Amino acid sequence: MDVWGIAAWIVSLVSAAVGGPPCTELVALDLERTRALVSTDPAALTRVYADPRAAAADLTLLEQYRDRGWLLRGSSMALLGCVVLTSDDTSARLDVVDRLGPTRVRGDDGTAVRLPRDLPSRRTIDLEQVDGRWRIAGVA
């Protein structure tokens, strides 16, 4: 993890602690998602989600990188804000502001490319318990 990744992780943990336990679960899922993307592991990526259909956008992203001859080499998601809208023992709905940090890819020819930085985005994220573990059920 690079310096930005460490900083994003710290910001995410602080935001999650303020937001509550479901927000902390989201930080863990974001880290799991990043590891799956960097390792180009569709099965691991699918396990982040409650239903494989919810993983469609990430699986498409992974396929697009592969089709371009790119491998994701570094990325981090900074959780800038998280408010629990609803929560019970099996599900939670979160109002989230996050930002994709610096993202690097490596081409088939070994060329490293830094992708443009993202602006903060607000989204509603639904989490669901599946087999005793929190998973992302939907993102809107």
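Just above, that's the structure.
This section reports on the structure supplied with the text.

So, how was this worked out
Residues numbered from 1 in each chain as written. Predicted model: local features only at pLDDT ≥ 70, side-chain atom pairs only at ≥ 80, totals over all residues. Heavy atoms only, no water. Pairing = 2+ DSSP bridges. Helix = DSSP H or I, 4+ residues; strand = E, 2+ residues; numbered from the N terminus. Axes fitted to C-alpha atoms, helices over the stretch in contact; angles between N-to-C directions. Contact = heavy atoms within 4.5 Å. Core = buried A, V, L, I, M, F, W, Y, C linked by side-chain atoms within 4.5 Å. Buried < 20%, exposed > 50% of the residue type's maximum accessible area, 1.4 Å probe, protein only. Disulfide = S-S within 2.5 Å. Phe/Tyr/Trp six-rings, centres within 6.5 Å; stacked < 30°, edge-to-face > 60°. Lys NZ or Arg CZ within 6 Å of the ring centre and 35° of its normal.

Observations concerning the sheet that holds strand 6 (residues 121–130)
As summarised here, the arrangement of the 4 strands in space is 2-3-6-7, forming an open sheet in which the pairing is antiparallel. Strands at the two margins of the open sheet, each flanked by one partner only, are strand 2 (77–87) and strand 7 (133–139). Direction aside, neighbouring strands of the sheet carry axes that sit 35 degrees apart on average. Set on the sheet, helix 2 (residues 21–38) makes contact with strand 2, strand 3 (91–100), strand 6 and strand 7; between it and strand 2 the angle comes to about 135 degrees.

Here we look at the nonpolar core
Ranked by size, the top nonpolar core spans 16 residues in total, and within it Leu26, Leu94, Val96, Leu127 and Ile136 carry the most contacts. At the level of elements, helix 2, strand 2, strand 3, strand 6 and strand 7 are the ones that each hand at least two residues to this core. Looking at which element gives the most residues to this core, the answer is helix 2, with 4 residues. When neighbours within four sequence positions are excluded, valine 96 is seen to be in contact with Leu26, Leu79, Gly81, Cys82, Ser121, Arg122, Arg123 and Ile125. In terms of nonpolar packing, the next biggest core, distinct from the first, is built from 9 residues, Leu37, Ala44, Leu45 and Leu72 among them.

Looking at the pairing of strand 5 (residues 112–115)
Within a regular strand, side chains alternate between the sheet's two faces. Strand direction decides the pairing type here: strand 4 (residues 103–107) and strand 5, joined by 4 bridges, are antiparallel. Counterpart to threonine 103 in the pairing with strand 5 is leucine 115. Hairpin connection of strand 4 to strand 5: 4 residues between the antiparallel strands, including glycine 110 at a positive phi of 90 degrees.

Details of the state of the cysteines
Under the counting rule described, the total for this entry stands at 1 disulfide. The disulfide partner of cysteine 23 is cysteine 82, and the S-S distance across this bridge is 1.9 Å. Handedness of the cysteine 23-cysteine 82 disulfide follows from its S-S torsion of about -80 degrees: it is left-handed. In this pair, cysteine 23 is assigned in helix 2 and cysteine 82 in strand 2, connecting sequence segments 59 residues apart.

As for the packing of aromatic side chains
Per the stated rule, a full pass over the model turns up 1 aromatic pair. The side chain of arginine 68 reaches across the aromatic face of tryptophan 70, ending 5.5 Å from its centre.

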